Amino acid sequence: MTPPPSQPPPPGSNPASDSATDPRPGPGPLVVLFGATAGAMGPDLGSDETDLILLVWQVVEPRSRQVGTLHKSLVRAEAAALSPQCREASGLSADSLARAEPLDKVLQQFSQLVSGDVALLGGGPYMLCTDGQQLLRQVLHPEASRKNLVLPDTFFSFYDLRREFHVQHPSACPARELTVATMAQDLGLETDATEDDFGVWEVKTMVAVILHLLEGPSGQLFSKAEVVKQKYETGPCSKADVVDSETVVRARGLPWQSSDQDVARFFKGLNIARGGVALCLNAQGRRNGEALIRFVDSEQRDLALQRHKHHMGVRYIEVYKATGEEFVKIAGGTSLEVARFLSREDQVILRLRGLPFSAGPADVLGFLGPECPVTGGADGLLFVRHPDGRPTGDAFALFACEELAQAALRRHKGILGKRYIELFRSTAAEVQQVLNRYASSPLLPTLTAPLLPIPFPLAAGTGRDCVRLRGLPYTATIEDILSFLGEAAADIRPHGVHMVLNQQGRPSGDAFIQMTSAERALAAAQRCHKKVMKERYVEVVPCSTEEMSRVLMGGTLGRSGLSPPPCKLPWQCWAPCRCTLYFCLQASHHPPTPPSRPPQHSFPLRRQLYIPLQHWSRLLGCLLLPPLLPTTQGQPLNST
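Residues numbered from 1 in each chain as written. Predicted model: local features only at pLDDT ≥ 70, side-chain atom pairs only at ≥ 80, totals over all residues. Heavy atoms only, no water.

## So, the packing of helix H7 (residues 180-187) against helix H8 (residues 200-215)
Okay, so step 1: Look at H7 against H8: their axes get within 10 Å of each other, and the N-to-C directions meet at 40°. Between H7 and H8, the angle is such that the two are oblique. Pair H7 / H8 crosses with left-handed handedness. Side by side, H7 and H8 meet where Val180, Ala181, Met183, Ala184 and Leu187 of the first sit next to Trp201, Glu202, Thr205, Met206, Val209, His212 and Leu213 of the second.
Okay, so step 2: Its residues assigned to classes, the contact of H7 with H8 comprises nine nonpolar, two polar and one charged. (Axes fitted to C-alpha atoms, helices over the stretch in contact; angles between N-to-C directions. Helix = DSSP H or I, 4+ residues; strand = E, 2+ residues; numbered from the N terminus. Parallel < 35°, antiparallel > 145°, perpendicular 65-115°, else oblique. Left-handed = near helix turned anticlockwise from the far one by under 90°. Contact = heavy atoms within 4.5 Å. Nonpolar A, V, L, I, M, F, W, Y, C, P; charged D, E, K, R; others polar.)

## What about the sheet that holds strand S19 (residues 419-425)?
Okay, so step 1: The strand order S16-S17-S15-S19-S18 describes an open sheet built from five strands, whose pairing is antiparallel. The outermost strands of the open sheet, each flanked by one partner alone, are strand S16 (381-385) and strand S18 (414-416). Adjacent strand axes in the sheet meet at a mean angle of 30° when their direction is disregarded.
Okay, so step 2: Of the strand pairs in this sheet, strand S15 (residues 348-353) and S19 are connected by four bridges, and their pairing is antiparallel. Each residue of the ladder has a partner; that of Arg353, found in S19, is Glu422. (Pairing = 2+ DSSP bridges.)

## Thoughts on the environment of Val384
Okay, so step 1: Position of Val384 among the secondary structure elements: in strand S16.
Okay, so step 2: In this structure, the C-alpha to C-alpha distance between Val384 and Ala395, residues eleven residues apart in sequence, is 5.6 Å.
Okay, so step 3: With sequence-adjacent residues up to four places away left out, Val384 is seen in contact with Pro391, Thr392, Asp394, Phe396, Val434, Leu435 and Tyr438.

## Things to note about the packing of helix H6 (residues 161-168) against H8
For any two helices packed against each other, one specifies the crossing angle of their axes together with the interaxial distance.
Okay, so step 1: Contact geometry of H6 with H8 gives a least axis separation of 11 Å together with a crossing angle of 30°. By the criterion of interaxial angle, the relationship of H6 to H8 is roughly parallel. Where H6 crosses over H8, the handedness of that crossing is left-handed. Packed against H6, whose contacting residues are Leu161, Glu164, Phe165 and Gln168, the element H8 presents Met206, Val209, Ile210 and Leu213 at the interface.
Okay, so step 2: Split into classes, the residues belonging to the contact of H6 with H8 amount to six nonpolar, one polar and one charged.

## Section: the packing of aromatic side chains
Okay, so step 1: Evaluation of the coordinates by the stated rule reveals six aromatic pairs.
Okay, so step 2: Ring centres 5.2 Å apart and planes at 75° place the aromatic pair Tyr159 and Phe222 in the edge-to-face group. Of this pair, Tyr159 sits in strand S6 (residues 157-160) while Phe222 is found in the loop between H8 and strand S7 (226-227), placing the two residues 63 residues apart along the sequence.
Okay, so step 3: Its relative accessible area of 1% is what places Tyr159 among the buried residues.
Okay, so step 4: For Phe222, a relative accessible area of 4% puts it in the buried group.
Okay, so step 5: The ring of Phe484 carries the charged tip of Lys531 above its face, separated from the ring centre by 5.2 Å.
Okay, so step 6: Taking the ring centre of Tyr474 as reference, the NZ or CZ of Arg536 above it sits at 5.9 Å. (Phe/Tyr/Trp six-rings, centres within 6.5 Å; stacked < 30°, edge-to-face > 60°. Buried < 20%, exposed > 50% of the residue type's maximum accessible area, 1.4 Å probe, protein only. Lys NZ or Arg CZ within 6 Å of the ring centre and 35° of its normal.)

## Some thoughts on unusual backbone geometry
Okay, so step 1: The backbone of Phe222 shows a phi angle near 50°, a positive value even though the residue is not glycine.
Okay, so step 2: Even without glycine at this site, Lys413 takes up a positive phi of about 65°.
Okay, so step 3: Mapped onto the secondary structure, Lys413 falls in the loop between helix H14 (402-409) and S18.
Okay, so step 4: A residue is classified by how much of its surface remains accessible, and Lys413, at 49% relative accessible area, is partly exposed.

This is the structure:
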C-alpha cells in the first residue's frame, strides 16, 4: 500500500477543540474541494463505480476573509473511457488523462500545496468543505479502498456546504436537493458566466457562497463537521432493539468467505452502525451470500443503495432495501451467555467448526497454540450446544487484534484428535444466529401437525429390541451401517434399518435398527457403542419399538426421556400396522381408485392410505428414507 506522506502540521479533525487555543474566533481555514469522475455527475456522482479524474481546490481563511491560490489537477483513470456526459461537461479526452498522475501522487501534491497555502494565510488546522457528501463518501474513500491507498486523516472529516447553507436558510429546499448554482442564485450572487474551465467555476462560486454566509450570523456555521468512520465497530444486538427500517439494506451475492470487515470495506465511506453487519446463514448454518447492513441514518442508507451492482473483487453485489424487523431477526439474541461473550469491545471473532464432541476449552486453546492466545483464555471461548447439552462441534473464539486472528486462521484445517478443524472469520450477528438456530431446534425435527403414518410397517416387538445410532457421518450409507455392526447385522429384522433425515432432506446423523430380540439389541449396543465410523465415534443405545416409532413420527428422544409427537389423534391411529401405501401424485385432491389386486411383492392389504397432493410439501419436510433389507438394498419388499 502507498500511503501519502503526513503533512506538517497535522490537520485536526475537530476544529471546535482547536479553536479553544486560537485567539481568533470562528472556524479555521477551509479547503473548498471539487471533484469529478469519468462517469456520472451531480447527485449520481460515484454511483457507477468509475474512477476520479479531476480535483480542484482553493483555501479560504474565514476569519480574515482571505483566499489562497486555486489549484487544478487531473487524475489518471485506470479505465480511460469517458461517459458522454463527462466528455461534454469537462472537455477532457482520454489522451489528456493518460498523461496525468495517478491518484496517490495527486493526493501527495494536494497535501503539500494545501499545507503551503494554509501557512501563507496564517496557519492552523484546516478542514475540507465540499458540495454535498458524494465526493468523499462515494468516490474518494471507495476508490482509495479498491487501490489499497491510505487516506490522510484530513479526508475523514469535512463540512457539507449544502447543510451549512441550510442552517442560515432553512426555508430553502432540502439540503440534499441544493446545488452550487441554486445556492448562489438564492443569495443573489453574481457569478462569472464566462468561466468555462471545468471545475473552476464550481470552486469559485462555492468560495463566494462561503464568504457571503460568513457575513451573516455565523455562530452555528462550520461548527459540526461530517465524520467518516475509519473503522467498523462490532457489537451485539438484542431482540428487544427497535431498528429504523429507513437505515437497513440487504446485500446479495457476497462471496461465501466474506467477513463483516469485507462488507464494511465494500461500503467504505459510509457510516455503518455499531454491530450493523449481519451475515445471513442458510438452514445448514453456512453463509448464504447475503448480509443485512444497518447504517447510522437514512442518508447513509440512500447512498448505500447507489452502490447496487458495485464489485467486491470480481463479483458484483446487489443492494436492496430491507426492514428493521429483518435485521433484528437475523442479528438479535436473548442469551445472557452470548451477551457476556460479546460484551468485550474491539475483538476479532473467529468460528471453529468440526471440533470433536469431546473437545473442551483446554483442547481448543492447545490447538490454537501460544502464538495466538484467546482473549481471556477459556472465557474467550463460546461452545455451541444442542438444547439437551450435546456439543455441536462449533465454537467461537475472541482475539484482541487482527494480527492474532490472522495467526489463528493459519491453523485452518489443522488436526485436533482425528478431525480437521475449519476456522474462518465470524461476526456478532453470526454468533447470535448460530446460537438461536440450535436453541430453537429439537433433538430431531418435529412436525407441526399430524401428517401421515410411516409409509412402511414397523414390526411390533417386545421390550427394548431396537438400537439407536447417533452421531453417524452424514455420508453414511446402509452398507456402512451393516459393516459398522459387523456380526450383529445378521440379527436385524427384515426392513429394519431406518435412517432419519432432517427438515431439509439431509442426513441427521441418526438411524434406528430393529433387532430380532431385546437380547440381540443389547449385545449389539455393548459391542458397537462408541465404535468409530469414518473417523467419528457413534453412540449405540438400546430403545423400544414404541420409542422408535414416536421419534420417526416427529417426537423427540433425548437424555431426559421421550417426548410424544405433536399429534392430537389417539396413538392407536398411528400404531404400527401391516399396510400398503399408494402415493397420489395427480392434481386432484380425491384419492385414486386402488388397484383391483395388490401388486406382487407388496404387503397383504389390510388398510389403504392415500396422500393428497397438498400434503407433499409438508411430507418432504420430514422425509424418511424407505426401509431396506439389510442384505438386499434396492430389492423389492417381500411379505414377512
